[in-house]
Amino acid sequence: MSLPHTSAVSTPLPTEWGRTAMTVVMPTYNEADNLPLMAEALLALPLEGLRLLVVDDNSPDGTGEVAEQLAEKYEESGRRRVSVLHRTTKEGLGRAYAAGMARAVADGAAYVLQMDADGSHPVAKVPELLGVALATGADVVVGSRYVPGGTLSASWGLHRRLLSRWANVYAGTILGTRLRDITGGFNLWSAAALRELDLDTVDSAGYSFQVETKYRAVRAGCTVVEVPIHFEDRTVGESKMNLAVQLESAAVPLRLRARRLRTKAPARTRHGRGPR
């Protein structure tokens, strides 16, 4: 895998901002070839406070062992910049993210970034997402493919582009959000927003975790800001999207809307702020 779009050339931040405790949570399953390149690119960023937490679901290709080697490699003065959360079973992307994000907050992260291990999310945008959060006070910053300036890999065919667009319109319409990329997985969360979500109660096991968590954030009155990114296609390994995951993704918005109608609870606003 090459990372031409994820070099360490990135948006410069004030030194104090670069020291902000931020943990990148990266679920893995059979990503042994991709993970070292992703770790190298992330830890080359001018972000002293950045840590990488790999959440491995007992990958048969040895990704967990590779992650442990990286933890040793990037140890600095007794402080590891890479840590590993080993899970014994493969329970889905959502479960892995929930476990990793909860661990990151418990370990003191002020911000937690969701990021795929396949190179699809641009490493060079990481400082910008953090900078936007710190400059605006946003609770959630979404790396968006569908706001002006956002782009998709040229290798995406028309069918895939239409399906992705439809999924966002479908979920956004049913749930009544104004987010352009509610299905996207490149999201920066403040620790306060994650505590508000109560990750232990999130139902979604698969990719619909992205939809449910953003929807909950909007309903809780969190400020959500979207910034444009270029989304690349993976070049190594296989997609984890299967029929069961797609069916769950279609069902979750309907389930969330039905639950809202049953409770008829109005959306709350924290600190006088409403959803954007």
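Up top you'll find the structure we're talking about.
If you're wondering where the values come from, they're calculated on a predicted model, not measured in any experiment.

Student: How would you summarise the nonpolar core if you had to cite specific residues and measurements?
Tutor: Among the nonpolar cores identified, the biggest contains 39 residues, and Met26, Leu42, Leu50, Met115, Val126 and Leu188 are the most heavily contacted of them. Counting only elements with at least two residues in this core, the list comes to β1 (22–28), α2 (35–43), β2 (50–56), α3 (63–73), β5 (82–86), β6 (111–114), α5 (126–136) and β10 (224–228). Among the elements that line this core, the one with the most residues is α2, at six residues. Among the nonpolar cores identified, the runner-up in size contains 35 residues, and Val25, Val55, Val105 and Trp189 belong to it.

Student: So what's going on with the sheet that holds β2? Residues and values would help.
Tutor: Pairing within the open sheet is mixed, and its seven strands lie in the order β5-β2-β1-β6-β9-β7-β10. Two strands lie at the open edges of the sheet, namely β5 and β10, each paired on one side alone. Each adjacent strand pair in this sheet contributes to an overall mean axis angle of 20 degrees, direction not counted. Summarising the sheet, β1 and β2 pair through seven bridges and their orientation is parallel. Within the sheet, the bridge partner assigned to Met22 lies in β2 and is Leu50. Lying on the sheet, helix α8 (residues 209–219) is in contact with β6, β7 (140–144), β9 (187–190) and β10; it crosses β9 at an angle near 40 degrees.

About the cut-offs
- Residues numbered from 1 in each chain as written.
- Predicted model: local features only at pLDDT ≥ 70, side-chain atom pairs only at ≥ 80, totals over all residues.
- Heavy atoms only, no water.
- Core = buried A, V, L, I, M, F, W, Y, C linked by side-chain atoms within 4.5 Å.
- Buried < 20%, exposed > 50% of the residue type's maximum accessible area, 1.4 Å probe, protein only.
- Helix = DSSP H or I, 4+ residues; strand = E, 2+ residues; numbered from the N terminus.
- Pairing = 2+ DSSP bridges.
- Axes fitted to C-alpha atoms, helices over the stretch in contact; angles between N-to-C directions.
- Contact = heavy atoms within 4.5 Å.

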